[in-house]
Amino acid sequence: MNDTLLIIVSIVVGLAIIGGLIPVFLKAGRNKQNYVGPRDANDPAPLDATDAQGGGTLVEDRPETQVPPSDVETAEVVPEAPAAPTLEKPLPVEGRLVRLRARLAKSNNALGKGLLALLSRDTIDEDVWEEVEETLLLADIGTDSTMELVDTLRDRVKVLGVRSPEHVQAMLREELVKLVDPTMDRSLNIERHDGRPAILMVVGVNGVGKTTTVGKLARVLVAEDKDVLLGAADTFRAAAAEQLATWGARVGVPTVKSDVDGADPASVAFEAVKAGIEQEVDVVMIDTAGRLQNKVGLMDELGKVKRVIEKQATVDEVLLVLDATTGQNGLTQAKVFAEVVNISGIVLTKLDGTAKGGIVVAIQKTLGVPVKLIGLGEGADDLAPFEAESFVDALLN
């Protein structure tokens, strides 16, 4: 009897232990099904099958505004939704223009001051005119423009016979404004048309600040109440897409990019334009790789990007970003890019202390393409439309 009782008790205890282990095994099975990848301190969230497999899909980043559920609708305690990211408010174009003019007047006025000092002398002989020529050439104005300006100044000084600083400054301002050419159309083609957004391509070599310029230009457009979408077609430079997406996220602008390093740039550009058309945005801006102008294959790739975009929409603007400190080397870059794509405007970056303002004249005269935007610093809003007369006034102040 005792043996039988002992056996029964043992069976009951065994069943109880097994019953307690069943939920544990079931939970482990569910975890194994849900987490298809390893989890550690850097991977705290569950992964679904799509995330685990990766792939070459294009993703779009747009900051989402979280709206917490109303407590009237449910009595349940709902965890507080994460706060939506705070979007920056870009400075209006008018405000940044004032700041840029003041900065340019302080840091980049050696050209104007040098010419004023020479032309205000009591006696202007051949030696003075040679110094004037040298000053203009060192400012990267270019040989043809220098000869043209010197000849004009010679004639005017001879006829007027004036030496007062006020008269000399007025005369010099007038001639420099003519060289910079205020009649050029410097407006950006950023208006929707034919039921589709305006398409902007931004090109340039490595190191000129091209991706940063795209981000800053997005801020300019947002300040003008434009709905913008960015395309990260610079797929060859590490972290370029993330850099661009960060710029966009700061002002609520989405970025279409590939999740695969070295993806086809033309494919990314195509998808960005497609998304822009579907979402009815105002402007799509495509950031391209930093093409080295002496690499034929890369320049061919740039032409391919433009052709692929035009399967869906016309490219309305091609902006070439140049580093103003490179001087005449920037002209070489501009000429090569102009052979591949139809450049419609120039963006001059780093036009501050070490830059030479004459490059504006040289580039416009060589290409017949206007400088449309200038950058004078590292700040997020240090990019503004170029104005010929304001630029000359800053040089001469």
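About the criteria used
Residues numbered from 1 in each chain as written. Predicted model: local features only at pLDDT ≥ 70, side-chain atom pairs only at ≥ 80, totals over all residues. Heavy atoms only, no water. Helix = DSSP H or I, 4+ residues; strand = E, 2+ residues; numbered from the N terminus. Buried < 20%, exposed > 50% of the residue type's maximum accessible area, 1.4 Å probe, protein only. Contact = heavy atoms within 4.5 Å. Areas by Shrake-Rupley, 256 points an atom, 1.4 Å probe, with all protein chains shown as cover. Salt bridge = Lys/Arg side-chain N within 4 Å of Asp/Glu carboxyl O. Pairing = 2+ DSSP bridges. Right-handed = clockwise from strand over helix to strand, strands pointing away. Core = buried A, V, L, I, M, F, W, Y, C linked by side-chain atoms within 4.5 Å.

## Section: the overall build of the chain
Item 1. Check the secondary structure of the chain and you find 14 helices and nine strands.
Item 2. The burial tally for the chain puts 44% of its 397 residues in the buried class.
Item 3. Relative to all contacts within the chain whose residues are 6 or more apart in sequence, the contacts with residues 24 or more apart total 77%.
Item 4. Carbon and sulfur atoms make up 54% of the accessible area of the chain, which totals about 20,400 Å².

## Brief notes about the pattern of salt bridges
Item 1. Under the counting rule described, the total for this entry stands at 20 salt bridges.
Item 2. Arg-219 is paired through a salt bridge with Glu-88; the nearest N and O atoms lie 2.8 Å apart. Taken as a pair, Arg-219 in helix H8 (residues 210–223) and Glu-88 in the loop between strand E1 (58–61) and helix H3 (93–107) lie far apart in primary sequence, 131 residues in all.
Item 3. One salt bridge connects Lys-350 with Asp-323, and the closest N-O pair in it is separated by 3.3 Å. In this pair, Lys-350 sits in the loop between strand E7 (345–349) and helix H13 (359–367) while Asp-323 sits in strand E6 (residues 317–323), placing the two residues 27 residues apart along the sequence.

## Examining the pairing of strand E8 (residues 371–375)
Item 1. With five of five residues buried, E8 is to be regarded as a mostly interior element.
Item 2. In terms of strand pairing, E8 meets strand E9 (residues 383–385) through three bridges, oriented antiparallel. Within the sheet, the bridge partner assigned to Ile-374 lies in E9 and is Ala-384.

## Things to note about the pairing of strand E3 (residues 228–232)
Item 1. The buried count for E3 comes to five of five residues, which makes it a mostly enclosed element.
Item 2. As defined by bridge partners, E3 adjoins strand E5 (residues 283–287) across five bridges and the pair is classed as parallel. For Ala-232, the partnering residue across the bridge sits in E5 and is Asp-287.
Item 3. Pairing between E3 and strand E4 (residues 255–258): two bridges, direction parallel. By the bridge assignment, Leu-230 is partnered in E4 with Thr-255.
Item 4. As a crossover connection, the stretch from E3 through helix H9 (residues 240–250) into E4 is right-handed.

## As for unusual backbone geometry
Item 1. A positive phi angle is found at Asp-225, which is not glycine, with a value near 65°.
Item 2. The exposed category is assigned to Asp-225, whose relative accessible area is 69%.
Item 3. At Glu-280, a position not held by glycine, the phi torsion is positive, near 55°.
Item 4. Assignment of secondary structure puts Glu-280 in the loop between helix H10 (265–279) and E5.

## With respect to the nonpolar core
Item 1. Counting residues in hydrophobic clusters, the biggest one holds 98 residues, and the most contacted among them are Leu-217, Met-285 and Leu-348.
Item 2. No other element matches the seven residues that helix H7 (residues 165–180) contributes to this core.
Item 3. Those residues within four positions of Leu-348 in sequence are excluded, and the remaining contacts are Leu-322, Ala-324, Ile-359, Val-360, Ile-363, Val-371, Leu-373, Ile-374 and Gly-375.

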